[in-house]
Amino acid sequence: MKVTVLNGSPKGDVSVTMQYVGYIRKRFPGHEYVVHDISQRVKKLEGNLTAFKEVVDDVGSSDVVLWAFPLYHMLVPSQYKRFIELVSEKDAVDAFKEKYAAVLTTSIHFFDHTAHAYMHAICDDLGMRYVGFHSAEMSDLLKEKGRDQLVLFAEDFFDAAERKRVTSRANPPVNTRSWNYLPGAVAGAIDTKGKQIIVLTDGTGGNLGRMVERFTESLAGKVEVHDINDIPLKNGCLGCCNCGLDNECSQKDGFPEFFNEKVRTADVVVYAGKVTDRHLSSQWKKFIDRTFFHNHVPALKGKQLGWIIAGPLGQLPTLRATLEGEAELGRINLVDIVTDESGDNETVDTMIQSLAERLIRHSCSGYMRTRTFLGVGGDKLFRDFVYNSRFVFQADHAYYKKHGFYDFPQHEYGTRLLNTVMTGLTWIPQFRKEFKKRTTSEMIKPFQRLLDE
Ligand SMILES: Cc1cc2nc3c(=O)[nH]c(=O)nc-3n(C[C@H](O)[C@H](O)[C@H](O)COP(=O)(O)O)c2cc1C
């Protein structure tokens, strides 16, 4: 069988993910493998039709396609996203149709589910026969069990294509409403109370541009607006992780300065973007990926955030999940996500006005929505990850130590003592019996003391 591997790592073959592909090749030597370094060469693929066609021809003549990439900010790297966009823009969808496809990622399992859900949907949109995914933790390949599971995954993938297995489509097509939003006049502009407000938008035309305009008009103070297509943002993140030592990006295109001087200093941040395939554009993804120079430090902590989105967000729960996850992990208060989906001018006007009002109000009061599993779970994962790789992520380590992120339960000596003593006591039959009887009432005792005060 001919296996075309679309490599999503910007590091080319010097990539963790490609070691996994290498292992599959080693264990299944009977197939013909063609690997294209998509993310590393995306600029060439965009500008040079021959280079792009070479990839598409290989896809078209292959039996199976393996989408292999590292997780970048809950999704594919921006360069890979750009390639996915190019497939439609350059009318290359036909080459992907009916091809058996699977997804292989490496990551630390933070929001890997959203990246896989996105790629599954992209495969469905391209008319591919999606077989499944393998989401490896970076070091899985170094363990026997990890290698065994990878082999079983590849075996199942190849078997599906060989036997022409029937696959099911999980994602209905996205329906996009085409209408022109016409904003009404602003009845009463909101006092910004001296708050610094920045809007970053992906373009200034169409519904998105008009929604952004309506937003800025709804505020009485100064609002700084930047088009993310015009800011210094040359390339996507290269994944070099040089920033791990001191939060300094290896790319000197002015993006870190822009981000630190404009976005980090604001009280209120509004991001505005268009739905492009099933996510925001690769330009937005590039922006988000490049903020990685702050690694796992919540660089926008405490800010109020609003999203303005043109497009069918309601049909894209994965996109919403990434926006919410990104905010929660970053300790940012995501006030609302306003869209133009209603198709009704007045509704959009009202939603934008309400967003503006709440952003200012919450910024003044310091309100932060309670976090959920997305942020709380993410903290635990990164706590362990940063601690274990603190020689790479030294800046993270210093921040985590200073701000009490290392809340390992092992460090809580009172809890350790309580657990040791109580566990011992539960082995005394009389205590055990009493323990079972009083579990629920004892659980609320500290709360009752508080309420009785
Ligand atoms: C910019 C950037 C963003 C990342 N985002 C995530 C993420 O959201 N979730 C996760 O589990 N790992 C994330 N990672 C970790 C990578 O997915 C992981 O290191 C991967 O194995 C790198 O593979 P590669 O060497 O093939 O590029 C991120 C790494 C970088 C550089």
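Details of the structure are given in the entry above.
Since we're looking at a predicted model, the values are computed, not measured.

Colleague: Pulling in residues and values, what's your account of the environment of Asp-202?
Modeller: In this structure, Asp-202 sits in the loop between β6 (197-201) and α8 (206-217). The exposure class assigned to Asp-202 is buried, which follows from its relative accessible area of 5%. Distance in space between the C-alpha atoms of Asp-202 and Pro-298 is 23 Å, their sequence separation being 96 residues. Contact partners of Asp-202, with chain neighbours within four places excluded, come to Leu-208, Asp-227, Ile-228, Asn-229, Ala-272, Gly-273, Lys-274, Ser-281, Gln-283 and Trp-284.

Colleague: Any chance you could break down a negative patch on the surface for me, citing the residues and the numbers?
Modeller: A cluster of acidic side chains, namely Asp-246, Glu-248, Glu-257 and Glu-261, defines a negative patch on the protein surface. Tracing the chain through its elements places Glu-261 in helix α10 (residues 255-263).

Colleague: Describe the environment of Ile-332, listing the residues and the values that go with them.
Modeller: Topologically, Ile-332 is positioned in the loop between α12 (317-329) and β11 (333-339). The class for Ile-332 is buried, based on a relative accessible area of 15%. For Ile-332 and Ala-299, which are 33 residues apart along the polypeptide, the C-alpha to C-alpha distance reads 9.3 Å. Those residues in contact with Ile-332 that lie beyond four places of it in its chain are Leu-300, Lys-303, Leu-305, Ala-327 and Met-368.

Colleague: Describe the packing of aromatic side chains, naming the residues involved and giving the relevant values.
Modeller: The tally for this structure, following the rule as stated, stands at 28 aromatic pairs. Ring geometry for Tyr-400 and Phe-405: centres 4.7 Å apart, planes at 40°, overall tilted. Here Tyr-400 and Phe-405 have matching classes, each one buried. Its guanidinium or amino end placed over the ring of Phe-52, Lys-90 lies 5.7 Å from that ring's centre, counting from NZ or CZ. We note Arg-432 situated over the ring of Trp-427; from NZ or CZ to the ring centre the distance is 4.7 Å.

Colleague: Account for the site of the ligand, naming residues and giving values.
Modeller: Around the ligand, the surrounding shell holds 19 residues, and the nearest of these are Ser-9, Ser-15, Thr-17, Leu-71 and Thr-106. One of the backbone nitrogen or oxygen atoms of His-109 is found 3.2 Å away from an oxygen atom of the ligand. For the shell around the ligand, the elements supplying multiple residues, two or more each, are α1 (16-27) and β4 (100-107). Taken together, the residues of the shell around the ligand break down into 10 nonpolar, eight polar and one charged. Structurally, the shell around the ligand is a two-domain feature, drawing no fewer than three residues from each of domain 1 (2-162) and domain 2 (197-365).

Conventions we followed
Residues numbered from 1 in each chain as written. Predicted model: local features only at pLDDT ≥ 70, side-chain atom pairs only at ≥ 80, totals over all residues. Heavy atoms only, no water. Helix = DSSP H or I, 4+ residues; strand = E, 2+ residues; numbered from the N terminus. Buried < 20%, exposed > 50% of the residue type's maximum accessible area, 1.4 Å probe, protein only. Contact = heavy atoms within 4.5 Å. Patch = residues over 30% accessible without salt bridge, like charges linked within 9 Å, V, L, I, M, F, W, Y side chains within 5 Å. Areas by Shrake-Rupley, 256 points an atom, 1.4 Å probe, with all protein chains shown as cover. Salt bridge = Lys/Arg side-chain N within 4 Å of Asp/Glu carboxyl O. Lys, Arg positive; Asp, Glu negative; His and termini not counted. Charge placed at Lys NZ, Arg CZ, Asp CG, Glu CD. Phe/Tyr/Trp six-rings, centres within 6.5 Å; stacked < 30°, edge-to-face > 60°. Lys NZ or Arg CZ within 6 Å of the ring centre and 35° of its normal. Near = heavy atom within 4 Å. Polar contact = N/O pair within 3.5 Å; in protein donor to acceptor, adjacent residues only side chain to side chain. Nonpolar A, V, L, I, M, F, W, Y, C, P; charged D, E, K, R; others polar. Domains from an automatic or database assignment.

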